[in-house]
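Now for the letters of each chain:
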Amino acid sequence: MKTEELKQHAAHIRENIVRMVANANSGHPGGSLSAADILTVLYFEVMDINEDNVKGIDRDRFVLSKGHASPLLYATLFEKGLLKEDLNTFRKINSKLQGHPNMNYVDGVDMSTGSLGQGISAAVGMALANKVDGNDHRVYTLLGDGECEEGEVWEAAMAAAHYRLNNLCAIVDFNSLQIDGNIRDVMNPTPIDEKFKAFGWNVINIKGHDYEDIRFAFDEAKKEKEKPTMILAHTIKGKGVSFMENNAAWHGSAPNAEQCAQAVKELEGEGNE
């Protein structure tokens, strides 16, 4: 797929993220916007997932370990044509589109997540199960940088290296901000890349909004034969919306109608560049 097409998909995903959170008056836009380029490449170029196999097990899997970024996952599945639910029902009573993704309700959601650290742990189990079953499909998981303050992340990292899960690829959305501010001020988990290396992972540092960098990293992850791969993606919190970028206040705050309109206008312009 041409890079310009990917950028258009990413812009549509970001627009829907903003609309969903604004309509619900609740949600997490900042860390959803920061990882939109990564999931765009993952779903439109890398992963084996489509309308024909989405309900089966013979395909690649994705676990949103930072489950609070559910608007990102829903918007991506919708853009891919895998999600048929009305995005305007996000976080509404009786909606399948809960604030944290639930695998029991939405096709394409491969794990119910929200408690940080549990997503990557489930992804490790999936990758190990594929090894045991002789299933060649890969498992991908997206973590937040603040999530790496959780001890369970490192238990999972240790297990993944021990079992040589080269079919597992984790991406850390390294935007440097969490709900309480800069990750280095809250509970400094850096250097995240060196820690994963010490745990026995193949580590790749990239610019998380550069499509060639993202493609390169996923290609390199597939070439690795002995280790799980962690891609440290350097991103911008709130990417694409001027007043949200690099602003921790937008980690879990919803824009009002006026702010939503401004954000969508900016994103529409980005998609047409």
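Per-chain numbering applies: the sequence of each chain, read as written, is numbered from 1 onward. Where local features are concerned, this predicted model is filtered to residues with pLDDT of at least 70; where side-chain atom pairs are given and counted, the filter is 80 or more; whole-chain, interface and lining totals use all residues. With hydrogens and water set aside, each side-chain value is computed from the structure's full complement of heavy atoms.

Looking up the chain in an unreviewed UniProt entry gives the name Transketolase, with the organism given as Amedibacillus hominis. UniProt positions are given in the numbering used here, feature names are shortened, and annotations may be inferred rather than shown by experiment. Reading the Cofactor (unreviewed entry) entry of the UniProt record for the chain gives the comment "thiamine diphosphate". Under Sequence similarities (unreviewed entry), UniProt gives the following word-for-word description of the chain: "Belongs to the transketolase family."

1. Description of helix H1 (residues 3-24)
Secondary structure follows DSSP: runs of H or I at least 4 residues long count as helices, runs of E at least 2 residues long count as strands, and numbering of each begins at the N terminus. Helices are assigned an expected span. That span is 1.5 Å times one less than the residue count. Between the first and last C-alpha of H1 there are 32 Å, a value that for 22 residues agrees with the 32 Å anticipated at 1.5 Å per step. The positive-phi residue at the C-terminal boundary of H1 is Asn25, with phi of around 55°.

2. Some details on the packing of helix H3 (residues 36-46) against helix H4 (residues 70-80)
What describes two packed helices is the angle between their axes and the distance between those same axes. The convention used is that axes are lines fitted to C-alpha atoms, helices contributing only their stretch in contact, and that angles between N-to-C directions extend from 0 to 180 degrees. It is at 10 Å that the axes of H3 and H4 come closest, and there the two elements cross at 40°. The handedness of the crossing between H3 and H4 is right-handed. Along the contact surface, H3 presents Ala36, Leu39, Tyr43 and Phe44, while H4 presents Leu72, Leu73, Thr76, Leu77, Glu79 and Lys80. Under the convention adopted here, Pro, Cys and the residues Ala, Val, Leu, Ile, Met, Phe, Trp and Tyr are nonpolar, Asp, Glu, Lys and Arg are charged, and Gly plus all remaining residues are polar. Taken together, the residues of the contact of H3 with H4 break down into 7 nonpolar, 1 polar and 2 charged. Take the far helix as your reference; a near helix turned counterclockwise from it by less than a right angle gives a left-handed crossing, and one turned clockwise gives a right-handed crossing. The contact criterion used throughout is that any non-hydrogen atoms of two residues lie within 4.5 Å.

3. Section: the pattern of salt bridges
For this document, the term salt bridge refers to a Lys or Arg side-chain nitrogen within 4 Å of an Asp or Glu carboxyl oxygen. Under the counting rule described, the total for this entry stands at 15 salt bridges. Here Arg19 and Glu268 are joined by a salt bridge, their closest N and O atoms 4.0 Å apart. Taken as a pair, Arg19 in helix H1 and Glu268 in helix H10 (residues 257-271) lie far apart in primary sequence, 249 residues in all. Type-normalised accessible area, obtained with a 1.4 Å probe on protein chains alone, sets the label of each residue: buried when under 20%, exposed when over 50%, and partly exposed for intermediate values. Residue Arg19 is classed as partly exposed on the basis of its relative accessible area of 33%. Residue Glu268 is classed as partly exposed on the basis of its relative accessible area, which comes to 37%. A salt bridge links Asp110 to Arg61, with the shortest nitrogen-to-oxygen separation between them at 2.9 Å.

4. Here's the deal with the sheet that holds strand S2 (residues 139-144)
Across a sheet, paired strands are connected by hydrogen bonds in the backbone, their directions being either parallel or antiparallel. Paired strands, in this sense, are two strands between which DSSP finds at least two bridges. Reading across from one edge, S1-S2-S3-S7-S6 is the order of the 5 strands in this open sheet, with parallel pairing throughout. Among the strands making up the open sheet, the edge pair consists of strand S1 (61-64) and strand S6 (202-207). Shown here is a sheet whose adjacent strand axes are inclined to one another by a mean of 20°, direction ignored. Sheet contacts for helix H9 (residues 211-223): S2, strand S3 (168-174), S6 and strand S7 (229-234); angle to S6, the most-contacted strand, approximately 170°.

5. A few points about the nonpolar core
Put simply, buried Ala, Val, Leu, Ile, Met, Phe, Trp, Tyr and Cys residues joined by side-chain atoms within 4.5 Å make one nonpolar core. Membership of the largest hydrophobic core comes to 58 residues, with the highest contact counts inside it found for Tyr43, Phe62, Tyr74 and Phe218. Per-element tally for this core: the top contributor is H1, with 9 residues. Residues within four places of Tyr74 in sequence aside, it is in contact with Met20, Leu83, Leu87, Phe90, Lys96, Leu97, Gln98, His100, Pro101, Asn102, Val106 and Val109. Core analysis: the second largest hydrophobic core is formed by 27 residues, Ile192, Phe196, Val203 and Met230 among them.

6. Points about the UniProt feature "domain: Transketolase N-terminal" (unreviewed entry) in the chain
Here the UniProt feature "domain: Transketolase N-terminal" (unreviewed entry) sits at residues 9-266. As annotated, residues 9-266 has a helix share of 41% and a strand share of 13%, and its two end C-alpha atoms lie 15 Å apart.

7. Details of the pairing of S3
For S3, the buried fraction is high: 7 of the 7 residues fall into the buried class. Residues Leu168, Ala170, Val172 and Phe174 line one face of S3 and the alternating positions Cys169, Ile171 and Asp173 line the opposite face, and both faces are buried. Crossover connection from S2 via helix H6 (residues 151-162) to parallel S3: handedness right-handed. As judged from the 6 bridges shared by S3 and S7, these two strands associate in the parallel manner. Looking at S7, one finds that Cys169 is bridged to Thr229. The crossover handedness rule: strands pointing away from the viewer, path from first strand over the helix to second strand clockwise, crossover right-handed.

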